[in-house]
Amino acid sequence: MSTPTDDDVTLVLLTVEEAARRLRIGRTTCFALIRTGELESVPVGRLRRVPADAPAAYVARLRAAHRAA
């Protein structure tokens, strides 16, 4: 069995670190985006996970806001 990587399209939830790498931002910045609600996340027990489609949705919102400005 192979180990999933950051670009594994079969992943449903990402760790905060994986989401940060996809966005090419730091872990602390990623947690800040989660804290403000800009980046969607869900609790899984005591863990925090980011839905795999959330980084792309965040970028789409940034692009839409930039076009509207």
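Residues numbered from 1 in each chain as written. Predicted model: local features only at pLDDT ≥ 70, side-chain atom pairs only at ≥ 80, totals over all residues. Heavy atoms only, no water.

1. Remarks on a nonpolar patch on the surface
Right, so step 1: Residues Val 12, Leu 13, Val 44 and Leu 47 make up a contiguous nonpolar surface patch of roughly 340 Å² in combined accessible area.
Right, so step 2: Residue Val 12 is classed as exposed on the basis of its relative accessible area, which comes to 64%. (Patch = residues over 30% accessible without salt bridge, like charges linked within 9 Å, V, L, I, M, F, W, Y side chains within 5 Å. Areas by Shrake-Rupley, 256 points an atom, 1.4 Å probe, with all protein chains shown as cover. Salt bridge = Lys/Arg side-chain N within 4 Å of Asp/Glu carboxyl O. Buried < 20%, exposed > 50% of the residue type's maximum accessible area, 1.4 Å probe, protein only.)

2. Thoughts on the environment of Pro 51
Right, so step 1: For Pro 51, the location among the structural elements is in strand 3 (residues 47-51).
Right, so step 2: For the pair Pro 51 and Ala 19, spaced 32 residues apart in sequence, the C-alpha separation works out to 8.8 Å.
Right, so step 3: Those residues in contact with Pro 51, other than ones at most four positions away along the chain, are Val 12, Leu 13, Glu 40 and Ser 41. (Helix = DSSP H or I, 4+ residues; strand = E, 2+ residues; numbered from the N terminus. Contact = heavy atoms within 4.5 Å.)

3. Some words on the nonpolar core
Right, so step 1: Counting residues in each nonpolar core, the largest one holds 12 residues, listed as Leu 14, Val 16, Ala 19, Ala 20, Leu 23, Cys 30, Leu 33, Ile 34, Leu 39, Val 50, Ala 54 and Tyr 58.
Right, so step 2: Taken together, the elements giving at least two residues each to this core come down to helix 1 (16-23), helix 2 (27-36) and helix 3 (54-68).
Right, so step 3: Ignoring sequence-local partners within four residues, the contact set of Ala 20 consists of Ile 25, Gly 26, Arg 27 and Cys 30. (Core = buried A, V, L, I, M, F, W, Y, C linked by side-chain atoms within 4.5 Å.)

4. Focus: the pattern of salt bridges
Right, so step 1: Taken as a whole and judged by the stated rule, the model has one salt bridge.
Right, so step 2: One salt bridge connects Arg 27 with Glu 17, and the closest N-O pair in it is separated by 2.7 Å. With Arg 27 in helix 2 and Glu 17 in helix 1, this residue pair connects regions lying 10 residues apart in the sequence.
Right, so step 3: Relative accessible area serves as the criterion here: at 46%, Arg 27 is assigned to the partly exposed category.

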